[in-house]
Amino acid sequence: MTEKQRVNIGKQHPASYKALIALSAAAEESAAVAGLDPLLVELLKIRVSQINGCAFCLRMHTRDALKRGENSDRIAVLPAWEETGYFSETERAALRLTEVITRVSQGHVSDDDYGAAAAVLTEEQISAVAWLATVMNAFNRVAITSRYSVDGG
């Protein structure tokens, strides 16, 4: 490796990383209380990681989703979810909201996008999806900045 080894920011500041893990656990609990399917939660994590190009998180959450019983076809078509019949109305609303939150620099969360989510999701579900997206974006940034290794194993 010709480039300098990256600092693993999670190890460098473990209290901050532990706080992120605690936030993640709270967000997942909120999602469960809001009635969001655990498989949907994994799909949202995968979709955020696809958008951000985080190989480490993609591998981890794809494996988690498969272990929990997610269909490999749904994972395969996730980047093109709008073009498929694989996803329920609730899943589509959550995916759309997650995408616009992840791409917030490209136009914020528009009233149209928020309204589309609010037409399907409860306030509790909207909040849970927003927290899941926020946390996953943070984890992607930790992994990408630290250049977490993704080997072929």
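Residues numbered from 1 in each chain as written. Predicted model: local features only at pLDDT ≥ 70, side-chain atom pairs only at ≥ 80, totals over all residues. Heavy atoms only, no water.

1. Points about the overall build of the protein chain
So, point 1. The helix and strand tally for the protein chain stands at eight helices and zero strands.
So, point 2. In terms of C-alpha radius of gyration, the protein chain reaches 16 Å, essentially the compact-globule figure of 15 Å for 153 residues.
So, point 3. With the C-alpha coordinates of the protein chain rotated into their principal frame, the extents come out at 50 × 30 × 30 Å.
So, point 4. Burial status across the protein chain gives 37% buried among its 153 residues. (Helix = DSSP H or I, 4+ residues; strand = E, 2+ residues; numbered from the N terminus. Rg over C-alpha atoms; globule rule 2.2 N^0.38 Å. Buried < 20%, exposed > 50% of the residue type's maximum accessible area, 1.4 Å probe, protein only.)

2. Remarks on unusual backbone geometry
So, point 1. Despite not being glycine, His108 has its phi angle at roughly 60°, a positive value.
So, point 2. Given a relative accessible area of 60%, His108 falls into the exposed group.
So, point 3. The residue Arg147 is not glycine, and still its phi comes out positive at about 55°.
So, point 4. Looking at the element boundaries, Arg147 is found in the segment after α8 (123–146).

3. Structural notes on the environment of Arg47
So, point 1. Mapped onto the fold, Arg47 is located in helix α3 (residues 38–52).
So, point 2. Through-space distance from the C-alpha of Arg47 to that of Leu78 is 6.9 Å; in sequence the pair is 31 residues apart.
So, point 3. Reaching out from Arg47, the side chain makes a polar contact with the side chain of Gln50 at a distance of 3.0 Å. (Polar contact = N/O pair within 3.5 Å; in protein donor to acceptor, adjacent residues only side chain to side chain.)

4. Some words on the layout of surface pockets
So, point 1. Each pocket or cavity is described by its volume, and for the largest pocket that value is around 210 Å³.
So, point 2. Along the wall of the largest pocket there are 16 residues; nearest its centre are Ser24, Met60, His61, Met136 and Phe139.
So, point 3. The set of elements that each furnish at least two residues to the lining of the largest pocket consists of α2 (14–33), α4 (55–67) and α8.
So, point 4. When residues of the lining of the largest pocket are assigned to their parent elements, the largest contribution, six residues, is made by α8.
So, point 5. Split into classes, the residues belonging to the lining of the largest pocket amount to twelve nonpolar, two polar and two charged. (1 Å grid on protein atoms, 1.4 Å probe; cavity = no way out; pocket = protein on both sides within 12 Å on 5 of 7 lines; lining within 4 Å. Points joined across faces, edges and corners; volume = space filled by probe spheres on them. Nonpolar A, V, L, I, M, F, W, Y, C, P; charged D, E, K, R; others polar.)

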